[in-house]
Amino acid sequence: LGPGYIAAFSDINSYGQLVLPPWGYTPNLPAEADYSYHTNLTTALVNAYSAASGRHFRVGPNLLGKNPGTSRDWAYGKLGI
């Protein structure tokens, strides 16, 4: 791994207390391997945020309904992160 390497990308909506993994542009959830990875990663983030701040975040790609063109969807679909 070198400079500029990105291992993960997630969108955090602090006002709404949401963690939004990629795939919000469609009502269909990603395939199982990606779905499990995203779910495990974002659940760990939510638990860490809660432990550090006492705030409780919700997690899921479809919390805001269909929202095409978001940064997390672009990063996942175009860059593969």
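Computed from a prediction, not measured in an experiment: that's the story for all the values here. (Residues numbered from 1 in each chain as written. Predicted model: local features only at pLDDT ≥ 70, side-chain atom pairs only at ≥ 80, totals over all residues. Heavy atoms only, no water.)

Let's shift gears to unusual backbone geometry. Unlike most non-glycine residues, Gln17 shows phi in positive territory, near 55°. Following the sequence through the fold, Gln17 ends up in the loop between strand E1 (11-13) and strand E2 (18-20). For Gln17, a relative accessible area of 24% translates into the label partly exposed. (Helix = DSSP H or I, 4+ residues; strand = E, 2+ residues; numbered from the N terminus. Buried < 20%, exposed > 50% of the residue type's maximum accessible area, 1.4 Å probe, protein only.)

What follows concerns the sheet that holds strand E3 (residues 58-59). The three strands are arranged E1-E2-E3 in an open sheet whose pairing can be described as mixed. Of all strands in the sheet, those bounded by a partner on one side alone are E1 and E3. Across three bridges, E1 lies against E2 in antiparallel orientation. If you follow Asn13 over to E2, its bridge partner there is Leu18. Packing against the sheet, helix H1 (residues 32-53) makes contact with E1, E2 and E3, and its axis sits at approximately 155° to E2. (Pairing = 2+ DSSP bridges. Contact = heavy atoms within 4.5 Å. Axes fitted to C-alpha atoms, helices over the stretch in contact; angles between N-to-C directions.)

A few words now on H1. Between its first and last C-alpha atoms H1 spans 31 Å; for 22 residues at 1.5 Å apiece the expected length is 32 Å, and the two agree. Within the span of H1, buried status applies to His38, Thr42, Val46 and Ser50. Along the axis of H1, the buried residues cluster in a sector spanning 95°; they form a single face. Turned more than 90 degrees off the buried face of H1, the exposed positions are Ala33, Asn40, Asn47, Ala51 and Ala52. Where H1 terminates, the next one or two residues include Gly54, which has phi positive at roughly 80°. (Expected span 1.5 Å × (residues − 1). Arc of directions from axis to C-beta.)

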